[in-house]
Amino acid sequence: MKRKSCAAIVLAAGQGKRMGGQIHKQFLELEGHPIVYYSIRAFQESPLIDQILLVTGETEIDYVKHEIVEKYHFDKVSVVVAGGHERYASVWNGLKALEKSLREEEKDGFVFIHDGVRPFVNEEILRRAFDAVEAYHACVVGMPSKDTVKIADADGFVSETPTRSRVWNVQTPQAFDFRLAYEAYAALEQSGRSDVTDDAMIVEAFTDTKVKLVEGSYENIKLTTPEDMLLARQVILRREGRKEERTMMRIGQGYDVHRLVEGRKLNLCGVEVSYTLG
């Protein structure tokens, strides 16, 4: 049986306020490449993915086209579109642009939605997500929580402690039948809701399709703060078998003492000083 078409929407439109600085976090350099480069490369190199659609800031479209897509020869990238004021609006813009670019039979395929600042997605994760979306129509990548999670009430007191064995930290990519994702987002737009934080939540709210949880990786982190950048660098160095180069500067203080005698020149730092002793 012929494999269904599979497209990826990579989100690179965030402002990254928690990261600080003037450069949006998806374009910060990580070991010689912008963060989003690593995310795009994973989809570019995957035989599962047929095309990639990038969503970025309206003023950054030309930069992304020339300095990322063309520079790194990402020829699976078919469209670069402007994002919206929130993540869900950016995804919706991406889905609408993808809907226009797909042939009718391709709309029966799948769409992967991925945060561009998760640079450590890999082929194993993509394969598990692909197998799950084929079987269940909707899935999200994630990992079981290592920590006990508390649900707070409006006053900041604990109101509930869910059983840890049933709590997952959700990641991306999140994969769906394309038509399912498109219809769910269209329903979201009609509803006027804005309290959604990921794609699965929208499918859960506006369709009857259950979302399957799929194993991702504890390394599949979202780079949000400067501390995350330090962790990311260590992941890359380890994956490439390199050790971190450490350059240490040491500052000290000392002195030297010599007896002055007759019949010798007095030199200080290579300069002859006229004096009776030396």
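A brief report on the enclosed structure follows. (Residues numbered from 1 in each chain as written. Predicted model: local features only at pLDDT ≥ 70, side-chain atom pairs only at ≥ 80, totals over all residues. Heavy atoms only, no water.)

**Some words on helix 4 (residues 123-136)**
Over its 14 residues, helix 4 extends 20 Å from the first C-alpha to the last, a length consistent with the 20 Å expected when each residue adds 1.5 Å. Taken residue by residue, helix 4 has Ile125, Leu126, Ala129, Phe130, Ala132 and Val133 as its buried positions. Looking at the buried positions of helix 4, the neighbouring elements they touch are strand 1 (6-12), helix 1 (35-45), strand 6 (110-115), strand 7 (138-144), strand 10 (168-177) and strand 11 (212-215). Sitting at the head of helix 4, Asn122 places a side-chain oxygen 3.2 Å from the backbone nitrogen of Glu124. (Helix = DSSP H or I, 4+ residues; strand = E, 2+ residues; numbered from the N terminus. Expected span 1.5 Å × (residues − 1). Buried < 20%, exposed > 50% of the residue type's maximum accessible area, 1.4 Å probe, protein only. Contact = heavy atoms within 4.5 Å. Polar contact = N/O pair within 3.5 Å; in protein donor to acceptor, adjacent residues only side chain to side chain.)

**Some points on the sheet that holds strand 5 (residues 77-82)**
Pairing is mixed across the open sheet formed by 7 strands, whose spatial order is 5-4-1-6-10-7-11. Both edges of this open sheet fall to strand 5 and strand 11, since each of them pairs with a single strand only. Recorded for the sheet is a direction-independent mean angle of 25° between the axes of neighbouring strands. Pairing geometry for strand 7 and strand 10, over 6 bridges, is antiparallel. Each residue of the ladder has a partner; that of Cys139, found in strand 10, is Ala175. Relative to strand 1, helix 1 is tilted by about 180°, and along the sheet it contacts strand 1, strand 4 (51-56), strand 5, strand 6 and strand 10. (Pairing = 2+ DSSP bridges. Axes fitted to C-alpha atoms, helices over the stretch in contact; angles between N-to-C directions.)

**Looking at the packing of aromatic side chains**
Tallied over the full model, the rule gives 9 aromatic pairs. Arranged with centres 5.0 Å apart and planes meeting at 50°, the rings of Trp92 and Tyr182 form a pair that is tilted. Pair noted here: Trp92 is in helix 3 (residues 87-101) and Tyr182 is in helix 5 (residues 178-191), with a separation of 90 residues, a long-range link. Judged by centre distance (5.9 Å) and plane angle (40°), the ring pair of Phe178 and Tyr182 falls under tilted. (Phe/Tyr/Trp six-rings, centres within 6.5 Å; stacked < 30°, edge-to-face > 60°.)

**Describing the side chain of Ser5**
Checked against the element boundaries, Ser5 lands in the segment before strand 1. Owing to a relative accessible area of 16%, Ser5 belongs among the buried residues under this scheme.

**A look at a nonpolar patch on the surface**
A contiguous nonpolar surface patch, about 380 Å² in accessible area, is contributed by Leu260, Leu268, Val273 and Tyr275. Structurally, the position occupied by Leu260 is in the loop between helix 7 (226-239) and strand 12 (266-268). (Patch = residues over 30% accessible without salt bridge, like charges linked within 9 Å, V, L, I, M, F, W, Y side chains within 5 Å. Areas by Shrake-Rupley, 256 points an atom, 1.4 Å probe, with all protein chains shown as cover. Salt bridge = Lys/Arg side-chain N within 4 Å of Asp/Glu carboxyl O.)

**Thoughts on the pattern of salt bridges**
Counted by the stated rule, this structure contains 15 salt bridges. Its salt-bridge partner being Glu31, residue Arg233 comes within 2.6 Å of it at the nearest N-O pair. Placement of Arg233 in helix 7 and of Glu31 in the loop between strand 2 (29-30) and strand 3 (33-34) is noted, with a sequence separation of 202 residues between them. On the basis of relative accessibility, which here comes to 26%, the residue Glu31 falls in the partly exposed class.

**So, the side chain of His114**
Secondary-structure assignment places His114 in strand 6. Residue His114 is classed as buried on the basis of its relative accessible area of 0%. A polar atom in the side chain of His114 sits 2.8 Å from the side chain of Thr172. Sequence-distant contacts of His114, defined by excluding residues within four places in its chain, comprise Ile9, Val10, Leu11, Ser39, Phe43, Val121, Thr172, Pro173 and Asn220.

**Concerning the layout of surface pockets**
If you add up the space inside the second largest pocket, you get close to 250 Å³. Together, Tyr38, Arg41, Ala42, Glu45, Pro119, Phe120, Val121, Asn122, Glu123, Ile236, Arg239 and Glu240 line the second largest pocket. Secondary structure elements with two or more residues in the lining of the second largest pocket: helix 1 and helix 7. Examining the composition of the lining of the second largest pocket, we find that 4 residues originate from one element, helix 1, more than from any other. (1 Å grid on protein atoms, 1.4 Å probe; cavity = no way out; pocket = protein on both sides within 12 Å on 5 of 7 lines; lining within 4 Å. Points joined across faces, edges and corners; volume = space filled by probe spheres on them.)

**Points about the packing of helix 3 against helix 5**
The interhelical angle for the contact between helix 3 and helix 5, taken along N-to-C directions, is 130°, at an axis separation of 10 Å. The pairing of helix 3 with helix 5 is recorded here as oblique in orientation. With respect to the hand of their crossing, helix 3 and helix 5 are arranged in left-handed fashion. For the pair helix 3 and helix 5, contact is made by Arg87, Tyr88, Val91, Trp92, Leu95, Lys96, Leu98 and Glu99 and by Phe178, Ala181, Tyr182, Tyr185, Ala186, Leu188 and Glu189, respectively. For the contact of helix 3 with helix 5, the per-class residue count stands at 11 nonpolar, no polar and 4 charged. (Parallel < 35°, antiparallel > 145°, perpendicular 65-115°, else oblique. Left-handed = near helix turned anticlockwise from the far one by under 90°. Nonpolar A, V, L, I, M, F, W, Y, C, P; charged D, E, K, R; others polar.)

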